[in-house]
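Each chain, written out:
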Amino acid sequence: MSAILRNLIVHSFWIFSITIFSQCSSPKVESEVETDVDEAYSGGKEGTVFDQTANAFGNSLINLNSDEVDQFVIGNSFNRNNWVTAPSSTSARDGLGPFFNATSCSACHFQDGKGTPLNADQTITQSLLFRLSIPGKGEHGEPLFDPNYGEQFNPRAIIGVEAEGDVSVTYQEMPGTYPDGTSYSLRKPTYIFSNLKYGPMSGTLISPRISTQMSGVGHLEAVTEATIQSFADPDDSNGDGISGRPNYVWDYKTRKKVMGRFGWKANQSTVEQQTASAFNGDLGVTSTLFITEGLTTAQKVKYGNLANGGSPEVEDNIFQDVVFYIKALAVPGRRSLTDQQVISGKALFIKANCSGCHIPKMTTGKSDSPSYLSAQTIRPYTDLLLHDMGDGLADSRPDFEATGTEWRTAPLWGIGLVQTVNKHTNFLHDGRARNEEEAILWHGGEAEKSKQAFMKFSKSDREAVLKFIDSL
């Protein structure tokens with residue numbers, strides 16, 4: 001990348017930053033921080049930004065030096081802007097496809113936040129992807145990819161290449177009633193694959209997964225394995241009905257099995273690997289970590305000689321800038337800490353043992369990059385472990401050591417700002433829940449007791465729990 005382009009990107013960022021940070025210093029936010037300083041800093045003193053605007057998930061750590069700010073800005077540029085088909089005059093960004101799910105990282109992670117499953121016309125968005133496999137495991141314990149469509153279904157392709165097909169969804173309303181007589185309804189999705197261009201999907205295991213919030217992943221990578229392991233209770237020795245356990249996955253850089261901590265089933269080991277996997281699976285862009293396109297045998301015969309964007313297509317320095325950008329995203333701070341309903345909701349959240357999996361507080365270990373994330377007391381509300389969530393949420397698709405009913409505990413920090421940033425409140429692995437309340441009511445398996453406790457609360461107590469969650 002030329003020095004001129006680099007300077008233009010950095011200059012544009014500073015103009016943008018001045019606008020954003022001028023919106024972040026409201027007296028209201030400062031007052032809340034002064035009331036309860038420790039709890040307000042969800043991402044630790046170095047990793048929290050008090051921003052309640054639409055950019056709440058897109059701020060950098062507060063103390064980056066000038067070189068790190070440059071790296072953050074450049075990484076954001078390659079995260080935000082579209083990749084194009086090779087060959088192209090914009091050689092730093094070419095190599096899209098031949099199959100892809102989206103043309104940029106931000107197309108799925110809009111404003112570095114959560115995706116939603118449906119467009120306004122009820123078609124499926126780019127934020128919802130579908131992992132595919134067949135029964136069995138590979139040599140490292142990984143899923144066996146579908147022979148006709150590979151690891152991931154790609155409904156989009158570059159010009160001259162037939163996309164893999166179409167996918168749509170229908171929802172079935174499932175009405176229910178709380179013990180106090182209040183009614184609710186959940187929506188159960190059914191996915192329909194059609195117009196398939198590369199053969200049948202016979203016996204294929206399908207796992208829908210929505211894009212997640214990006215801010216905070218650097219913090220979670222800095223949590224030590226020993227800390228995560230301390231939360232595990234695989235045999236439920238304490239008898240509370242919760243038996244979380246880590247996933248162990250293949251690390252492509254160290255060539256060994258390590259603890260997984262990222263993705264809906266904790267199937268990725270590091271932010272670097274998660275990012276390289278997304279470049280490869282979502283954009284069709286190769287990297288040093290994943291140097292080949294994710295084509296099936298038949299697709300390689302048909303499209304293996306198409307022009308590409310180099311080998312790898314995303315240059316190492318650019319890729320590392322993107323990884324740094326993602327790891328250096330700050331977490332938005334807590335709001336409404338002194339609100340009495342929020343305080344009551346927190347007590348009820350703990351009483352229902354939601355905190356048995358959504359662990360409120362932990363301390364990070366040593367972080368080499370960004371170093372500011374070392375020894376931070378953070379409040380992510382996750383244990384990064386796998387839990388059986390029951391048949392209602394099961395995808396029936398194992399992923400390394402995760403079974404078809406297990407999911408990683410989703411972090412809750414920032415959840416109350418999703419509406420502001422992403423203009424929706426769709427949650428869970430496929431976005432089926434239309435708000436936090438529905439997400440709770442979908443909980444089963446190890447979380448069944450907590451869900452039942454929530455359902456037995458009075459209406460005002462349930463509202464208090466939801467208001468507390470909204471404050472995270």
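Just above sits the structure.
Residues numbered from 1 in each chain as written. Predicted model: local features only at pLDDT ≥ 70, side-chain atom pairs only at ≥ 80, totals over all residues. Heavy atoms only, no water.

(A) Region of interest: the overall build of the protein chain. Helix and strand counts for the protein chain stand at 16 helices and 15 strands. Buried residues in the protein chain amount to 56% of all 472 residues. Counting only contacts in the protein chain whose residues sit at least 6 apart along the sequence, the fraction spanning at least 24 positions is 68%. Per element, the accessible surface of the protein chain, about 19500 Å² overall, is 53% carbon and sulfur. Between the mean site of the 41 positive side-chain charges and the mean site of the 55 negative ones, the protein chain shows a separation of 2 Å. (Helix = DSSP H or I, 4+ residues; strand = E, 2+ residues; numbered from the N terminus. Buried < 20%, exposed > 50% of the residue type's maximum accessible area, 1.4 Å probe, protein only. Contact = heavy atoms within 4.5 Å. Areas by Shrake-Rupley, 256 points an atom, 1.4 Å probe, with all protein chains shown as cover. Lys, Arg positive; Asp, Glu negative; His and termini not counted. Charge placed at Lys NZ, Arg CZ, Asp CG, Glu CD.)

(B) Summary view of helix α12 (residues 340-351). Here α12 contains twelve residues, and its C-alpha end-to-end distance of 17 Å stays within 8% of the 16 Å for a straight helix at 1.5 Å per residue. For α12, the side-chain oxygen to backbone nitrogen distance between the N-cap and Gln341 is 2.8 Å, and the N-cap itself is Asp339. (Expected span 1.5 Å × (residues − 1). Polar contact = N/O pair within 3.5 Å; in protein donor to acceptor, adjacent residues only side chain to side chain.)

(C) Seen up close, the layout of surface pockets. Estimates place the volume of the largest pocket at around 790 Å³. Taken together, 36 residues form the lining of the largest pocket, with Phe145, Glu151, Asn280, Phe290 and Gly294 sitting closest to its centre. Listing elements by their share of the lining of the largest pocket, those giving two or more residues are β4 (143-144) and α9 (271-283). For the lining of the largest pocket, the element with the most residues is α9, which contributes four residues. Looking at side-chain class alone, the lining of the largest pocket contains twelve nonpolar, 16 polar and eight charged residues. (1 Å grid on protein atoms, 1.4 Å probe; cavity = no way out; pocket = protein on both sides within 12 Å on 5 of 7 lines; lining within 4 Å. Points joined across faces, edges and corners; volume = space filled by probe spheres on them. Nonpolar A, V, L, I, M, F, W, Y, C, P; charged D, E, K, R; others polar.)

(D) Summary view of empty space enclosed by the protein. If you walk through the whole model with that rule in mind, you get three cavities of 30 Å³ or more. Roughly 730 Å³ of volume is contained in the largest cavity. Surrounding the largest cavity, 36 residues form its lining, His109, Ser211, Thr212, Met214 and Gln274 being those nearest its centre. The residue makeup of the lining of the largest cavity, split by class, is 17 nonpolar, 14 polar and five charged. As for the second largest cavity, its lining consists of 35 residues, and the residues nearest its centre are His358, Met389, Leu412, Leu428 and His443.

(E) Focus on the packing of helix α5 (residues 66-80) against helix α11 (residues 316-327). With their axes 7 Å apart at the nearest point, α5 and α11 run at an angle of 100° to one another. On the basis of their axis angle, the class for α5 and α11 is roughly perpendicular. From α5, Glu68, Gln71, Phe72, Ile74, Gly75, Asn76, Phe78 and Asn79 reach across to α11, where they touch Ile318, Gln320, Asp321, Val322, Phe324 and Tyr325. The class makeup of the residues in the contact of α5 with α11 is seven nonpolar, five polar and two charged. (Axes fitted to C-alpha atoms, helices over the stretch in contact; angles between N-to-C directions. Parallel < 35°, antiparallel > 145°, perpendicular 65-115°, else oblique.)

(F) Fine view of the packing of aromatic side chains. For the coordinates displayed, the defined rule picks out 18 aromatic pairs. Geometrically, the ring pair formed by Tyr149 and Tyr198 is edge-to-face, given 6.3 Å between the ring centres and 85° between the ring planes. Here Tyr198 lies in the loop between β7 (183-194) and β8 (205-210) and Tyr149 lies in the loop between β4 and β5 (156-157), a separation of 49 residues in the sequence. The exposure class assigned to Tyr198 is buried, which follows from its relative accessible area of 13%. (Phe/Tyr/Trp six-rings, centres within 6.5 Å; stacked < 30°, edge-to-face > 60°.)

(G) A look at the state of the cysteines. Under the counting rule described, the total for this entry stands at zero disulfides. Lacking any disulfide linkage, Cys108 is separated from the closest cysteine sulfur, that of Cys105, by 8.1 Å. No disulfide involves Cys354; its nearest neighbouring cysteine sulfur is the one of Cys357, lying 9.0 Å away. (Disulfide = S-S within 2.5 Å.)

(H) Spatial organisation of the packing of α12 against helix α16 (residues 459-470). At a closest axis distance of 7 Å, the pairing of α12 and α16 adopts a crossing angle of 100°. What the angle tells us is that α12 and α16 run roughly perpendicular. Contacts from Gln341, Val342, Ser344, Gly345, Lys346, Leu348 and Phe349 in α12 reach Ser460, Asp461, Glu463, Ala464, Val465, Lys467, Phe468 and Ile469 in α16. Tallied by class, the residues present in the contact of α12 with α16 amount to seven nonpolar, four polar and four charged.

(I) Structural view of the environment of Lys456. By secondary structure assignment, the location of Lys456 is in helix α15 (residues 448-456). Judged by relative accessible area, Lys456 falls into the exposed class, the value being 64%. Spatially, the C-alpha atom of Lys456 lies 6.1 Å from that of Pro179, the residues being 277 residues apart in sequence.

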